[in-house]
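# Reading the structure
The chain contents come next:
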There are 2 protein chains.
Amino acid sequence: MENFMFKNFISKILSHQKVAVFSHLRPDGDCLGSQVALSLWLQKNGIEVTAFNEDDVPGNMNWLETFFPISKPSKDKLQDFDAFIVVDGNALHRFGETAESLKNLGKPIFMVDHHPDPDDIFEEFVSVVSASSTCELIYQLYAEHNADQIDEHAAKAMYLGLVTDTGSFQFDSVKPATMHVAADLLKRGEFTPNEITERIYASRPLRQLKLLSMALDTIELHANGLFSTICITQEMFEATGCTNEDTEGFVQYPLSVEGVKACVLFREDGDRIKLSLRSQSDKIDVNKWARSFNGGGHQKAAGAWHEGPLKKAVKDVISAGREQL
Amino acid sequence: MENFMFKNFISKILSHQKVAVFSHLRPDGDCLGSQVALSLWLQKNGIEVTAFNEDDVPGNMNWLETFFPISKPSKDKLQDFDAFIVVDGNALHRFGETAESLKNLGKPIFMVDHHPDPDDIFEEFVSVVSASSTCELIYQLYAEHNADQIDEHAAKAMYLGLVTDTGSFQFDSVKPATMHVAADLLKRGEFTPNEITERIYASRPLRQLKLLSMALDTIELHANGLFSTICITQEMFEATGCTNEDTEGFVQYPLSVEGVKACVLFREDGDRIKLSLRSQSDKIDVNKWARSFNGGGHQKAAGAWHEGPLKKAVKDVISAGREQL
C-alpha cells in the first residue's frame, strides 16, 4: 500500500466546516465501522460531522451508535453541508436515493473504498482494491495524520470492519499489514477481540440457529461438486420468525464443502430471489457471473437478483455458472 | 510474556541427540502444529527427531504430515531416545498409554504448554497459561533462538495452532502480541490465511453440514437462558455417516446464542456421553464444573463424561451447572 495516499484527501477534507458521511445501504460491519471511525476522526479535527444511512443499523452492531450517532438523511437538509464522504462503496446509488441526489448539489464528494471500478465523480478519493476492508484504509488515514487520535471507540469501530470483511481474518485479503493493524487497534483500544466478536457473532437469537438448521438441510452440490447452493424460503422465515438480517454469514456454509469452488445462496425476498455468490477460486469470477443477473460486486463475492421461482432460479444460475468452468 | 523464557529449555534440549515429541490424544490443530513446528526446529538444530501420537491426525489436518511425519509410538522403541518432549498438555496421561510409561524410563521429559496446573515431573518446561496457544509459545522458542529458522512449513504449522486455538482470533486470549506473531508467520511463510483456514474449515464433507443441521435443531436454553445445550446422538451419526471427528466446532453454536454465558455439548459415544463445556463469562468456571463429572480443562473450555442416558446427562449436568450461578 502506498505511503501518504491520504495526503490530498486529508488536506482537502479538513478545509471544510460541515461534512456528512454516508455508509451504504444494507449496512455491514465494514461500512459502519468506517463511517463511525471516520466521523470520530473528523470531529477530533474540528469538523462538524453527521453520519447518515438510509437503512437501519443491524441489531448486533447497534452498539456502534453509542460511539457516534447514525441518522436517516433527508434531501432538504443536504444543503447545510459543505462536503460529503461516502465509505465502502464507490457509486452513489449504493448509498440510497438521498445520496444519489448529491450529484446535483455541486458540492465536493469524497470517497474511501476497496471495491473495484470507482465512479468518476469524486473530488478526491482513496480506492485500494487489495485492502482487506475499508476500515484498514481508515486506519491508514489515522496513521498518516496522527495515530494517537485512535481512541477506544475508533479502535473498536475499525476492528469491527476488519473482522467482518475478512470472515474473522480468514480471507486471502489478509496480509501481514492487516494483522499489524489489528494488533495496534487492540493495543490502542485496550480490548480483546471477544468484546467485538461476541457482540457480532455470539449474540444471535436462537431463531437464527433454527433457520440455519433448516437452510443447511437444503445444501446441494452441482457441476460435479464444484458448485454448491443453499436456499432460504419465505416458509422458513415464517416458521422461525426470522428476517433477511438473520441470514448473515449463511453463504459461508455451502462454500465450506470440500471440493466446492463457488457457491450461491438463494433467498426468497418478496416476489424475487436474492442471489449471493461466493468464489474461493481465482478461476471463477462471481462478479462476472452476477452480471448475467443484473448484479455485481467483487471477483470473490457478488450479489444479484432473479425473477423466480426458486427452482427456476437455481437451474438458471447454475447453468450460467457453468460458463465459468 | 517473559523474555528468554526458553533459555534453559533450549540449552538443555539441544544437548541431546535423539528426541521424541508427543502431542496429546484426540489431537487438535494446536498440539499438532506445535509438534510439527518443534520437530522441524529440533531437526534444523541437529537433533534426530521422531513425532508420536497414539491417535490418527484428523483428515482436515493431515497435510501437516507432509511437513513432518507423525507415527504411532510403541513402548519397546522408547529406550532408543535420550529425551522426550510433550506439547500442549501437562500431564502424561493426556498423551496416551505409551507416553504414560515414560515416567518409568528415568530419562528427561520436557514440556511446552498453556494449560493450568502442570504436573511436577518435568526436567524443564515452559508453561504460560495466558498464551493464546502452545504454537504461540513455539514461536517464542524460534524467536529467542533464531527467527530465520521459521520456514514455510514451520510458519504454516504454527499458524494452524494460532487459528484453531483462538476460534480464528476471536477469543480473549488474543493479545496484540498474538496478532504480531500471526503477521510474522504470514510474512515468513509467504502465505495468506485462507490457505490454512480453507483446509481446516472450508473442506468439510457435505455429511458434516447435514449433521450440523440436525444438531442445531436440538439446541435448548436452560437456567433463564444463561446456559444452552446441544445434543448429538448415535442415530444422527448413522443417518449422516458421520463420526466424532465431524462434530469439531459444533460447541460454538449453542454458545453463540444471545444471553448465553456457558454451554454444554452432549455426544453419545459408545455407552457413555461425552461432555464439552464452554464458558464465555469470567464468573462461570467450566473447569470446576467438569470436575464434578471426572473431567477438566480450562476455565473457559473443559471436557468430561457422563454415564448416560442422554436425557439424564442433560438434567444432571445442567443441575450441577446451576451451582456456578
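Structure first, text after, so check above.
Only a predicted model underlies this, so the values are computations on that prediction, with no experimental measurement involved.

## Let's talk about helix 8 (residues 206-216) of chain B
Counting buried residues in helix 8 of chain B gives 8 out of 11 residues, a clear majority hidden from the surface. Every buried residue of helix 8 of chain B is accounted for by Gln208, Leu209, Lys210, Leu211, Leu212, Ser213, Ala215 and Leu216 of chain B. If you follow the buried residues of helix 8 of chain B, they end up packed against helix 8 (206-216) and helix 10 (252-255) of chain A together with strand 8 (227-232), helix 9 (234-240) and helix 10 (252-255) of chain B.

## Some thoughts on the sheet that holds strand 6 (residues 124-127) of chain B
All names here are of chain B. Strand order in this open sheet of 6 strands is 3-2-1-4-5-6, and the pairing throughout is parallel. Strands with a single pairing partner mark the edges of an open sheet, and in this sheet they are strand 3 (70-71) and strand 6. Where strand 1 (residues 18-23) and strand 4 (residues 83-87) come together, 5 bridges link them in parallel fashion. The residue bridging Val19 from the neighbouring strand is Ala83, located in strand 4. Of the strands in this sheet, strand 1, strand 2 (48-52), strand 3 and strand 4 are in contact with helix 2 (residues 29-44), which crosses strand 1 at around 170 degrees. Contacts from helix 4 (residues 134-146) reach strand 4, strand 5 (109-113) and strand 6, with the element oriented near 115 degrees to strand 5.

## Brief notes about the side chain of Ser213 of chain B
Structurally, the position occupied by Ser213 of chain B is in helix 8. On the accessibility criterion, Ser213 of chain B (5% relative accessible area) is buried. Excluding its chain neighbours within four sequence positions, the residues that come into contact with Ser213 of chain B are Ser213, Leu216 and Asp217 of chain A.

## Overview of the sheet that holds strand 3 (residues 70-71) of chain A
Residues and elements named next belong to chain A. On the basis of which strands lie adjacent, the open sheet formed by 6 strands has the order 3-2-1-4-5-6 and parallel pairing. Looking along the sheet, the strands with just one partner apiece sit at the ends: strand 3 and strand 6 (124-127). Both strand 1 (residues 18-23) and strand 2 (residues 48-52) contribute to a ladder of 5 bridges, which runs parallel. Each bridged residue has a counterpart across the sheet, and for Phe22 the counterpart in strand 2 is Phe52.

Thresholds, definitions, all that
- Residues numbered from 1 in each chain as written.
- Chains lettered and ligands numbered in written order.
- Predicted model: local features only at pLDDT ≥ 70, side-chain atom pairs only at ≥ 80, totals over all residues.
- Heavy atoms only, no water.
- Buried < 20%, exposed > 50% of the residue type's maximum accessible area, 1.4 Å probe, protein only.
- Helix = DSSP H or I, 4+ residues; strand = E, 2+ residues; numbered from the N terminus.
- Contact = heavy atoms within 4.5 Å.
- Pairing = 2+ DSSP bridges.
- Axes fitted to C-alpha atoms, helices over the stretch in contact; angles between N-to-C directions.

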